[in-house]
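# Overview (structure and organization)
Residues per chain, in single letters:
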Amino acid sequence: MPINDFITTALNISEDDIEDLNVRSDEEDLIITLKLKAKSLDCPYCGGNVTIKDYRKVKILSGDMNHRKTTICLKKRRYTCKVCGKTSMKK
Ligand SMILES: [Zn+2]
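The structure presented is a predicted model; accordingly, all values stated were derived computationally and were not measured.

## Observations concerning the environment of L11
- Relative to the helices and strands, L11 resides in helix α1 (residues 3-11).
- For L11, a count of 17 C-beta atoms within 10 Å puts it in the partly exposed group.
- With 53 residues separating them in the primary sequence, L11 and D64 have C-alpha atoms 14 Å apart.

## Here we look at the pairing of strand β1 (residues 18-25)
- The buried fraction of β1 is low, at zero of eight residues.
- Where β1 meets strand β2 (residues 29-36), seven bridges bridge the pair, whose relative direction is antiparallel. Bridging across to β2, N22 finds its partner in T33.
- Counting the residues that bridge the hairpin from β1 to β2 gives three residues.

## A few points about the confidence of the model for the chain
- For the chain, the mean per-residue pLDDT works out to 89, and 96% of the residues sit at or above 70.
- Mean pLDDT values over the elements of the chain span from 84, in strand β5 (residues 87-90), up to 93, in β1.

## Focus: the pairing of β2
- Judged from the six bridges that link them, β2 and strand β4 (residues 68-81) form a sheet pairing that is parallel. Note that in β4 the partner of I32 across the bridge is I72.

## Here we look at unusual backbone geometry
- Of note, N12 is a non-glycine position whose phi angle comes to about 60°, a positive value.
- Its place among the elements puts N12 in the loop between α1 and β1.
- On the neighbour-count criterion, N12 (7 C-beta atoms within 10 Å) is exposed.

Analysis parameters
- Residues numbered from 1 in each chain as written.
- Predicted model: local features only at pLDDT ≥ 70, side-chain atom pairs only at ≥ 80, totals over all residues.
- Helix = DSSP H or I, 4+ residues; strand = E, 2+ residues; numbered from the N terminus.
- Buried ≥ 20, exposed ≤ 12 C-beta atoms within 10 Å, placed from the backbone.
- Pairing = 2+ DSSP bridges.
- pLDDT = per-residue confidence, 0-100.

So this is what it looks like as structure tokens:
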């Protein structure tokens, strides 16, 4: 199975949602790190504009692909609201 198909199926996303994809493999494991495209940039608390604060790597799934242990990590964005100053996290 192609890696992209594995990811989109496992995460229930479309290939268009992926902004950046990085695959690292060693003898036994396959580690996929991906970054999704930013969609909504509104603050969930006040609806104000937000700016990207930083990224946090979150391990979201592990499974077997082509009989190899595969781990998917997602770089989640953290946002700071310009209006109320609260931090939120999205995919
Ligand atoms: Zn806000």
